[in-house]
Amino acid sequence: MKSAHLNVRFICDLCGKWFTYSDNLKRHQRTVHATTNMDTTIRPSDSGNGS
Ligand SMILES: [Zn+2]
């Protein structure tokens, strides 16, 4: 018999990526999407352009 828990997938509503553990999904959203309202300010030039 297979446990039903093995088929459980946690899908990200923002990008559609799925994870086998809810903790992974939470961490994904916090790191990739930053769902918190702290990152509302988008910086256009924030990806390594020193000179
Ligand atoms: Zn996502």
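Whatever comes next refers back to the structure up there.
Please read these numbers as outputs of a predicted model, since none were measured by experiment.

**What to know about the overall build of the protein**
Part 1 of the reasoning: Secondary structure assignment for the protein yields 1 helix and 2 strands.
Part 2 of the reasoning: Taken from N to C terminus, the helices and strands of the protein fall in the order β-β-α.

**Quick notes on helix 1 (residues 22-33)**
Part 1 of the reasoning: Here helix 1 contains 12 residues, and its C-alpha end-to-end distance of 15 Å stays within 8% of the 16 Å for a straight helix at 1.5 Å per residue.
Part 2 of the reasoning: Burial runs low along helix 1: only 0 of the 12 residues are buried.
Part 3 of the reasoning: Immediately downstream of helix 1, the backbone of Ala34 shows phi near 50 degrees, a positive value.

**Notes on the environment of Ile11**
Part 1 of the reasoning: Mapping Ile11 onto the fold places it in strand 1 (residues 10-11).
Part 2 of the reasoning: Distance in space between the C-alpha atoms of Ile11 and Tyr21 is 9.8 Å, their sequence separation being 10 residues.
Part 3 of the reasoning: Contacts of Ile11, omitting those with residues within four sequence positions, involve Gly16 and Trp18.

**Quick word on the environment of Lys17**
Part 1 of the reasoning: In this fold, Lys17 is placed in the loop between strand 1 and strand 2 (18-19).
Part 2 of the reasoning: The class for Lys17 is partly exposed, based on 13 C-beta atoms found within 10 Å.
Part 3 of the reasoning: With 11 residues separating them in the primary sequence, Lys17 and His28 have C-alpha atoms 9.3 Å apart.

Reading the values: rules and limits
- Residues numbered from 1 in each chain as written.
- Predicted model: local features only at pLDDT ≥ 70, side-chain atom pairs only at ≥ 80, totals over all residues.
- Helix = DSSP H or I, 4+ residues; strand = E, 2+ residues; numbered from the N terminus.
- Expected span 1.5 Å × (residues − 1).
- Buried ≥ 20, exposed ≤ 12 C-beta atoms within 10 Å, placed from the backbone.
- Contact = placed C-beta atoms within 7 Å.

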